Amino acid sequence: MLALGVEMRRNYRRGKERRGWGSHKRGHPPQRHRRAGLTHRAHSLEQEEPQTTVNAGPSSNEDPSSSSSTQSSVAPELPGFYYDPEKNRYFRLLPGHNNHNPLTKDSIQHKAMECKRLRLLEEEKKQNQKTTRAGLNSSVLLQKRQLGLLSSTSYCRLVHELKVNCMQRRKIEIHSPDSSVAGTNNFKIIVADVACERIFTVNDVEHGGCKYGIINLSGLGKESLTVEMYDNLYFTNRKVNSVCWASLTHPDSHVLLCLMGIAETPGCASLLPASLFSSTNPGDRPGMLCSFKISTAWSCAWCLNPQADNCFSTGLTRRVLVTNVVTGHRQTFGTNSDVLAQQFATQTPVLYNGCRSGEIFSIDVRQRNRKGQSWKAIRLFHGSAVTSLHLMEAEHYLMAADMAGKIKLWDLRTTKCVKQYKGHHNEYALLPLHVNEEEGLLIAVGQDCYTRIWSLQDAHLLRTIPSPHPSSKDAIPSVVFSSRLGGSRGVPGLLMAVKQDLYHFSYN
């Protein structure tokens, strides 16, 4: 009996050793499993070594159960590596400052954006753009209008949406009295006057700096689509931060520019006569009307209200400067942040300002300078730097865009945001907004070089237009939209200036 008990205990010990328990204490892992864990850790450390490619699939040294879970899950993001889903491999990202590196994060993003742009351009060539609203076409709209199911306002708005989606791109021929002017410099800014008869342009110069010109749009109604560009043959080596038309002697008689200072040369606000760019009697061209030395100006605006006649404003670093061109009188208003966007109201002498801090505030320029912030009549707040402002015609609503890509419509009576227009892309650029209330459209160009058009009524994104040129930070299109491009008898559509080219997106 005693021998039988000894034999049973001996067999029990042998069974424990065969199962890998050995003489370990309870709760401790067996030695074989610890070695496997160390091997797996060493394998993961090897994966962190600088290698060109890393296989994202299961390794032959890994446990089969963990391999199946890796295959079924999404590949995790590894710092310093890019995962290619087609090849199922990780590729090491190389420093972006080396031009010889074939694979950088910027190059990967640029390749993806370029593929998307080319795909959209091909879709536009194959067929006319279809409206984003289901069942919206001209015959259905006309039928609903005849049956009384649509009001005249709704019918006109939907017709404009349908036309926007059918706009087709055509290149414009730019003619100039000086053959060296047209098509030799990249467009940076284009700004149309109130009647959309002329466009003031700022172009980069090949050897550095920029120059100015005016384009006459009277030729847009013709089949040839030609425009005349007049250049003042002057250029500056300073950056143009902001441009607006000014009505000094008659509507849109001058152009106001804010130039950034360089080295020991201070910044300035220059008022140029539009006749400076006329092709008639070049020897009798007037010189610059006036130039005001100021610190760095981020924005400018011209006042059309008679109570602040001949006045313009400049948004500076932590202050707003309102200047009377005739008398030279100045008013200074201190702020807590840089003023990046400005617009005057027309019914009252009130100036709206958008700041780098995200604050939007208004100033009644009839009041004298005050200490503190008590002169701020209306205060609104964005979560990021405000880059553009547009006051609606009734002056009860204000449209604002910021560097986070958010576009909001504010009710100035309740100081609340009533609508948001989604899809805009911006990270750090000063990009303008374009609002056409007559056709109920909002247009904005993003930092990704896409031009987007929304419905003002319900904030619906109607169309996304890719740039005709590859997307880059130096080739963001500048656009103008109007119902009458070229004057009262002009044609409706969108003008797009990018690189050295000018395009017209016309209604069909």
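Residues numbered from 1 in each chain as written. Predicted model: local features only at pLDDT ≥ 70, side-chain atom pairs only at ≥ 80, totals over all residues. Heavy atoms only, no water.

### Re the overall build of the chain
- A count of helices and strands for the chain gives six helices and 32 strands.
- Sorting the 508 residues of the chain into buried and exposed places 45% on the buried side.
- A sequence separation of at least 24 residues applies to 48% of the contacts in the chain between residues at least 6 apart.
- As displayed, the chain has an accessible area near 27800 Å², and 51% of this comes from carbon and sulfur atoms. (Helix = DSSP H or I, 4+ residues; strand = E, 2+ residues; numbered from the N terminus. Buried < 20%, exposed > 50% of the residue type's maximum accessible area, 1.4 Å probe, protein only. Contact = heavy atoms within 4.5 Å. Areas by Shrake-Rupley, 256 points an atom, 1.4 Å probe, with all protein chains shown as cover.)

### Examining the side chain of His 424
- Considering the arrangement of structural elements, one finds His 424 in the loop between strand S25 (416–421) and strand S26 (433–436).
- The class for His 424 is buried, based on a relative accessible area of 10%.
- Apart from the residues within four sequence positions on either side, His 424 is in contact with Gly 405, Ile 407, Leu 431, Ala 444, Val 445, Gly 446, Arg 452 and Trp 454.

### Details of the nonpolar core
- If you look at the biggest cluster of nonpolar residues, it comprises 21 residues, and the most contacted ones within it are Met 167, Leu 441 and Leu 494.
- Counting only elements with at least two residues in this core, the list comes to strand S27 (441–445), strand S29 (461–465), strand S30 (478–485), strand S31 (491–498) and strand S32 (501–506).
- Aside from chain neighbours lying at most four places away, what touches Leu 441 is Val 164, His 434, Val 435, Asn 436, Ile 453, Trp 454, Leu 456, Leu 462, Phe 481 and Tyr 507.
- In terms of nonpolar packing, the next biggest core, distinct from the first, is built from 18 residues, Val 202, Tyr 230, Val 240 and Val 255 among them. (Core = buried A, V, L, I, M, F, W, Y, C linked by side-chain atoms within 4.5 Å.)

### Brief notes about the sheet that holds strand S14 (residues 299–302)
- Here four strands make up an open sheet; going across it, the order is S14-S15-S16-S17 and the pairing antiparallel. The open sheet has two edge strands with one neighbour each: S14 and strand S17 (330–334). Averaged over all neighbouring strand pairs, the angle between strand axes comes to 15 degrees, with direction disregarded.
- Where S14 meets strand S15 (residues 311–316), four bridges bridge the pair, whose relative direction is antiparallel. Paired with Cys 300 across the strands is Thr 314, a residue of S15. (Pairing = 2+ DSSP bridges. Axes fitted to C-alpha atoms, helices over the stretch in contact; angles between N-to-C directions.)

### Some thoughts on the UniProt feature "repeat: WD" (unreviewed entry) in the chain
- What UniProt calls "repeat: WD" (unreviewed entry) maps, in this numbering, to residues 382–420.
- A distance of 12 Å separates the end C-alpha atoms of residues 382–420, which is 0% helix and 56% strand. (UniProt positions renumbered as here; feature names shortened; annotations may be inferred.)

### With respect to the pairing of strand S18 (residues 339–344)
- Counting buried positions along S18 gives five out of six residues, so the element sits mostly inside the fold.
- As defined by bridge partners, S18 adjoins strand S19 (residues 350–355) across five bridges and the pair is classed as antiparallel. Across the sheet, Gln 342 pairs through a bridge with Asn 353, a residue of S19.

### Considerations on the pattern of salt bridges
- In this structure the tally under the stated criterion is eight salt bridges.
- Of the charged contacts in the structure, one is a salt bridge between Asp 193 and Arg 198, with a shortest N-O distance of 3.1 Å.
- Ionic pairing is found between Asp 411 and Arg 413, a salt bridge with its closest N-O pair at 3.2 Å.
- Accessibility expressed as a relative area gives 53% for Arg 413, which makes it exposed. (Salt bridge = Lys/Arg side-chain N within 4 Å of Asp/Glu carboxyl O.)

### Things to note about the packing of aromatic side chains
- Counted under the stated rule, the structure contains four aromatic pairs.
- For the pair Phe 200 and Phe 277, a centre-to-centre distance of 5.7 Å together with 80 degrees between the ring planes defines the contact as edge-to-face. You can see Phe 200 sitting in strand S7 (residues 198–204) and its partner Phe 277 sitting in the loop between strand S12 (267–273) and strand S13 (290–294), a full 77 residues away along the chain.
- Accessibility expressed as a relative area gives 1% for Phe 200, which makes it buried.
- Taken together through their ring pairs, the aromatic side chains of Phe 200, Tyr 212 and Phe 277 make up a single cluster.
- The ring of Trp 298 is capped by Arg 356, whose NZ or CZ atom sits 5.1 Å from the centre of that ring. (Phe/Tyr/Trp six-rings, centres within 6.5 Å; stacked < 30°, edge-to-face > 60°. Lys NZ or Arg CZ within 6 Å of the ring centre and 35° of its normal.)

### Brief notes about the environment of Val 498
- Structurally, the position occupied by Val 498 is in strand S31.
- Residue class for Val 498 comes out buried when judged on its relative accessible area of 1%.
- Spatially, the C-alpha atoms of Val 498 and Asn 186 are 7.1 Å apart, while their sequence positions differ by 312 residues.
- Look past the residues within four positions of Val 498 in its chain and what remains in contact with it is Ser 467, Pro 468, His 469, Ala 475, Pro 477 and Tyr 503.

### Considering the sheet that holds strand S4 (residues 168–171)
- Judged by pairing direction, the sheet is antiparallel, and its four strands sit side by side in the order S4-S32-S31-S30 without closing on themselves. The open sheet has two edge strands with one neighbour each: S4 and S30. The mean inter-strand angle of the sheet, taken between neighbouring strand axes irrespective of direction, is 25 degrees.
- Sheet topology places S30 next to S31; six bridges connect them, and they run antiparallel. Following the sheet pairing, Leu 485 is matched in S31 by Val 491.

### A short note on unusual backbone geometry
- Residues other than glycine seldom take positive phi values, yet Asn 310 does so here, at roughly 60 degrees.
- Tracing the backbone through its elements, the reader meets Asn 310 in the loop between S14 and S15.
- One non-glycine residue, Thr 415, lies in positive phi territory at about 50 degrees.
- Within the secondary structure, Thr 415 sits in the loop between strand S24 (407–411) and S25.
- The exposure class assigned to Thr 415 is partly exposed, which follows from its relative accessible area of 37%.

### Observations concerning the side chain of Ser 482
- Turning to its location among the elements, Ser 482 is positioned in strand S30.
- The class for Ser 482 is buried, based on a relative accessible area of 10%.
- A polar contact is formed between the side chain of Ser 482 and the backbone nitrogen of Arg 484, at a distance of 3.0 Å.
- The residues contacting Ser 482, other than those within four sequence positions of it, are Cys 196, Asn 436, Val 491, Pro 492 and Gly 493. (Polar contact = N/O pair within 3.5 Å; in protein donor to acceptor, adjacent residues only side chain to side chain.)

### What about the confidence of the model for the chain?
- Put simply, the chain has an average pLDDT of 78, and 73% of its residues get 70 or more.
- Confidence over residues 16–73 falls short of pLDDT 50; this stretch has 38 contacts with residues more than four positions distant or in other chains.
- A low-confidence stretch, residues 97–101 stays under pLDDT 50, and its non-local contacts, those more than four residues away or across chains, total two contacts. (pLDDT = per-residue confidence, 0-100.)

### Let's talk about the environment of Gly 358
- Mapped onto the elements, Gly 358 comes out in the loop between S19 and strand S20 (359–364).
- Sequence separation of Gly 358 and Leu 380 is 22 residues, and the distance between their C-alpha atoms is 8.3 Å.

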